[in-house]
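Here is how the chains run, residue by residue.
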Amino acid sequence: MLIAIDIGGTKTRIGRAEDAEALASVDIFHTFHTYREGLDALVDAAKRIAGRKPRGVVVGAPGVLSRDKRRIVNAPNLRDWNGAALADELESALGAPVIMENDTALVGLGEATVGAGKGAAIVAYVTISTGVNGARIVDGGLDRAAFGFEIGEQIMGRDANARTLEELVSGRAIEGRFGVPPASLGEDHPVWEELAEIVAIGLHNAIAYWSPERIVLGGSMMGKVGIRLDRVEARLAALKRKNPVLPELRRAALGELGGLWGGLVRLRALLD
């Protein structure tokens with residue numbers, strides 16, 4: 001029995017699998033912003049959905065993790081979780097080995113191996129949702145990084161007041177700018193073309209750093225009412241570049257369960 005957990009700022013998803021190949025069941029519940037309440041909810045849900053002692057647990061945790069991936073260092077949307085030794089506490093409570101990764105990285109791993117990136121050796125996954133982040137997946141495994149990837153932190157300008165990619169295109173940024181949820185702006189709002197141009201610049205930078213064969217774009221801001229993939233592609237193609245061929249752009253395919261699928265892939269290391 002394997003358990004995969006994906007902790008989001010609003011929802012937590014937990015899945016059970018008999019092996020690392022398929023999810024058997026999934027439970028979704030509200031994320032507690034108080035760490036102790038959140039930890040208790042995770043332990044209770046894991047024990048309930050597993051039914052017995054699991055062989056391994058994987059956790060997709062938000063924000064920056066410690067270098068040994070045992071502790072949450074900086075989770076902007078769950079500040080009370082900062083400093084929490086989540087992996088160690090879950091391991092003690094569940095009596096099973098726990099692997100922890102950044103939540104976006106696990107979604108990217110899922111998309112690269114069983115989702116829209118399947119078949120490409122080097123995949124860049126980028127999510128544009130409440131926040132912005134991404135990950136690089138090479139030959140079916142997460143690329144190494146000292147503290148994980150934070151591509152939403154790239155600065156889009158040269159002056160002292162230049163904003164980051166996340167501050168320009170995230171759902172949080174657009175809601176703050178217009179005072180309403182982004183989806184309520186409607187499909188024809190001119191902001192979507194503006195954001196397509198900014199996202200294209202961010203992807204241009206990601207291509208320069210990561211040189212992927214395929215880019216998978218996910219997150220709520222890439223929905224039906226949101227940033228159009230074809231407009232991002234057109235804007236990206238118009239930018240100067242050295243690479244002779246642009247990576248293929250695809251929309252994410254696994255929906256809100258991408259982190260659980262990526263978790264199962266990551267758990268295979270415990271079974272080998």
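Everything in this summary refers to the structure shown in the same document. Since we're looking at a predicted model, the values are computed, not measured.

**Things to note about the pattern of salt bridges**
Right, so step 1: For the structure shown, the criterion picks out 20 salt bridges.
Right, so step 2: For Glu-89, the salt bridge goes to Arg-36, with nearest N and O atoms at 2.8 Å. Of this pair, Glu-89 sits in helix α2 (residues 86–94) while Arg-36 sits in helix α1 (residues 35–50); the two residues are 53 residues apart in sequence, bridging distant segments of the chain.
Right, so step 3: Judged by its relative accessible area of 24%, Glu-89 falls in the partly exposed class.
Right, so step 4: Between Glu-248 and Arg-214 there is a salt bridge; the shortest N-O distance is 3.1 Å. With Glu-248 in strand β12 (residues 248–251) and Arg-214 in strand β11 (residues 214–218), this pair connects stretches of sequence that are 34 residues apart.
Right, so step 5: By relative accessible area, which is 10% here, Arg-214 ends up buried.
Right, so step 6: Within this structure, Glu-193, Glu-197, Arg-231 and Arg-235 form a network of salt bridges that share partners.

**Comments concerning the sheet that holds strand β8 (residues 122–128)**
Right, so step 1: Taking strand neighbours across the sheet as the criterion, the 5 strands line up as β10-β9-β8-β11-β12 in an open arrangement whose pairing is mixed. Each edge of the sheet is formed by a strand with only one pairing partner; in this case those strands are β10 (141–142) and β12.
Right, so step 2: As judged from the 2 bridges shared by strand β9 (residues 132–138) and β10, these two strands associate in the antiparallel manner. Bridging across to β10, Val-138 finds its partner in Gly-141.
Right, so step 3: Contacting β11 and β12, helix α7 (residues 229–238) runs over the sheet at an angle of about 160 degrees to β12.

**Regarding the environment of His-30**
Right, so step 1: Position of His-30 relative to the elements: it lies in strand β3 (residues 25–30).
Right, so step 2: In the structure, His-30 is positioned 23 residues away from Ile-7 in sequence and 9.6 Å away in space, judged by C-alpha atoms.

**Describing the layout of surface pockets**
Right, so step 1: As a volume, the largest pocket reaches approximately 1,200 Å³.
Right, so step 2: Looking at the largest pocket, it is lined by 41 residues, and the ones nearest its centre are Asp-103, Thr-104, Thr-127, Ser-129 and Gly-131.
Right, so step 3: Of all elements in the fold, only β1 (2–7), β2 (11–17), α3 (103–114), β8, β9, β11 and α8 (258–271) reach the threshold of two or more residues within the lining of the largest pocket.
Right, so step 4: Here the lining of the largest pocket gets 4 residues from one element, more than from any other, and that element is α3.
Right, so step 5: Of the residues that constitute the lining of the largest pocket, the class distribution is 11 nonpolar, 19 polar and 11 charged.
Right, so step 6: Considered as a void within the structure, the second largest pocket measures approximately 380 Å³ in volume.
Right, so step 7: Along the walls of the second largest pocket sit 21 residues, with Lys-69, Glu-101, Asp-143, Ala-145 and Gly-148 positioned nearest its centre.
Right, so step 8: Within the residue set of the lining of the second largest pocket, elements represented by two or more residues are β5 (64–65), β7 (98–102) and β9.
Right, so step 9: A class-by-class count of the residues in the lining of the second largest pocket yields 8 nonpolar, 6 polar and 7 charged.

**Remarks on the sheet that holds β3**
Sheet strands associate in pairs through backbone hydrogen bonding, adopting either a parallel or an antiparallel arrangement.
Right, so step 1: The strand order across the open sheet built from 5 strands is β3-β2-β1-β4-β7, with neighbouring strands paired in mixed fashion. Taken across any chain shown, the strands that pair with only one partner, and hence form the sheet edges, are β3 and β7. Ignoring strand direction, the axes of neighbouring strands in this sheet form an average angle of 15 degrees.
Right, so step 2: Examined bridge by bridge, β1 and strand β4 (residues 56–61) share 5 bridges and lie parallel to one another. Considered in β4, the bridge of Asp-6 is made with Gly-60.
Right, so step 3: The strands touched by α3 within the sheet are β1, β4 and β7, with β7 carrying the most contacts at an inclination of about 95 degrees.

Criteria and cut-off values
Residues numbered from 1 in each chain as written. Predicted model: local features only at pLDDT ≥ 70, side-chain atom pairs only at ≥ 80, totals over all residues. Heavy atoms only, no water. Salt bridge = Lys/Arg side-chain N within 4 Å of Asp/Glu carboxyl O. Helix = DSSP H or I, 4+ residues; strand = E, 2+ residues; numbered from the N terminus. Buried < 20%, exposed > 50% of the residue type's maximum accessible area, 1.4 Å probe, protein only. Pairing = 2+ DSSP bridges. Contact = heavy atoms within 4.5 Å. Axes fitted to C-alpha atoms, helices over the stretch in contact; angles between N-to-C directions. 1 Å grid on protein atoms, 1.4 Å probe; cavity = no way out; pocket = protein on both sides within 12 Å on 5 of 7 lines; lining within 4 Å. Points joined across faces, edges and corners; volume = space filled by probe spheres on them. Nonpolar A, V, L, I, M, F, W, Y, C, P; charged D, E, K, R; others polar.

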